[in-house]
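Inside the fold
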Amino acid sequence: MNGTYDYTKLHQKGFYRVDHSDFGGKICYSDFNRKITMAEMAERIMADRRFNELCGKNLTERQRREHAVNE
């Protein structure tokens, strides 16, 4: 980069569609009143990722069952 910043994307107009298909993680009270270790942070990230994967598998299975019933 040459030290310039692209300001053209700051004030884009149009509709923004929120994607609620991923879990963003839990916010705990302890997030605000103490420091957590990198190991704790990594474990929470991995737990959230496992939760997302499980929800994706459940959704796929549910869609497969609904498709089988409708045929």
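Worth saying up front: this structure is predicted, and the values here are computed from it rather than measured. Starting afresh in each chain, residues are numbered from 1 along the sequence in its written order. In keeping with the predicted nature of the model, local features appear solely for residues at pLDDT of at least 70, side-chain atom pairs appear and are counted solely at 80 or more, and the whole-chain, interface and lining totals rest on all residues. Side-chain metrics rest on all non-hydrogen atoms present in the structure, leaving aside hydrogens and water.

A word on the overall build of the protein chain
The cut-off we apply is this: Comment: elements are numbered from the N terminus, with helices defined as DSSP H or I runs of at least four residues and strands as E runs of at least two. Relative accessibility under 20% of the residue-type maximum defines a buried residue, over 50% an exposed one, and the middle range a partly exposed one, all with a 1.4 Å probe and only protein chains included. Residue-level accessible areas treat just the shown protein chains as cover; the underlying method is Shrake-Rupley with a 1.4 Å probe.
Broken down by element type, the protein chain carries two helices and zero strands. Taking all 71 residues of the protein chain together, 0% fall into the buried category. Just so you have it, the protein chain exposes about 7,500 Å², and 57% of that area is on carbon and sulfur atoms.

What to know about the pattern of salt bridges
When the charged atoms of two side chains with opposite charge come close together, those side chains can pair. We count it as follows: For this analysis, a salt bridge means a side-chain nitrogen from Lys or Arg found within 4 Å of a carboxyl oxygen belonging to Asp or Glu.
Scanning the model with the defined rule gives three salt bridges in all. Between Arg65 and Glu61 there is a salt bridge, with its nearest N and O atoms 4.0 Å apart. Highlighted residues: Arg65 and Glu61, both in helix H2 (residues 38–70), separated by four residues, approximately one helical turn. Taken together, the shared-partner salt bridges in this structure form one network comprising Glu61, Arg64 and Arg65.

Observations concerning a nonpolar patch on the surface
Rules: Each patch is built from residues lacking any salt bridge and having more than 30% relative accessible area; the joining distance is 9 Å for like charges and 5 Å for nonpolar side chains (Val, Leu, Ile, Met, Phe, Trp, Tyr).
On the surface, Met38, Met41 and Ile45 cluster together into a nonpolar patch covering about 310 Å² of accessible area. Within the secondary structure, Ile45 sits in helix H2.

Some details on the environment of Lys26
Here is the rule we go by: When checking whether two residues touch, look at their non-hydrogen atoms; a contact exists if any pair is within 4.5 Å.
The residue Lys26 is located in the segment before helix H1 (30–33) in this model. Sequence-distant contacts of Lys26, defined by excluding residues within four places in its chain, comprise Asp31, Arg44 and Asp48.

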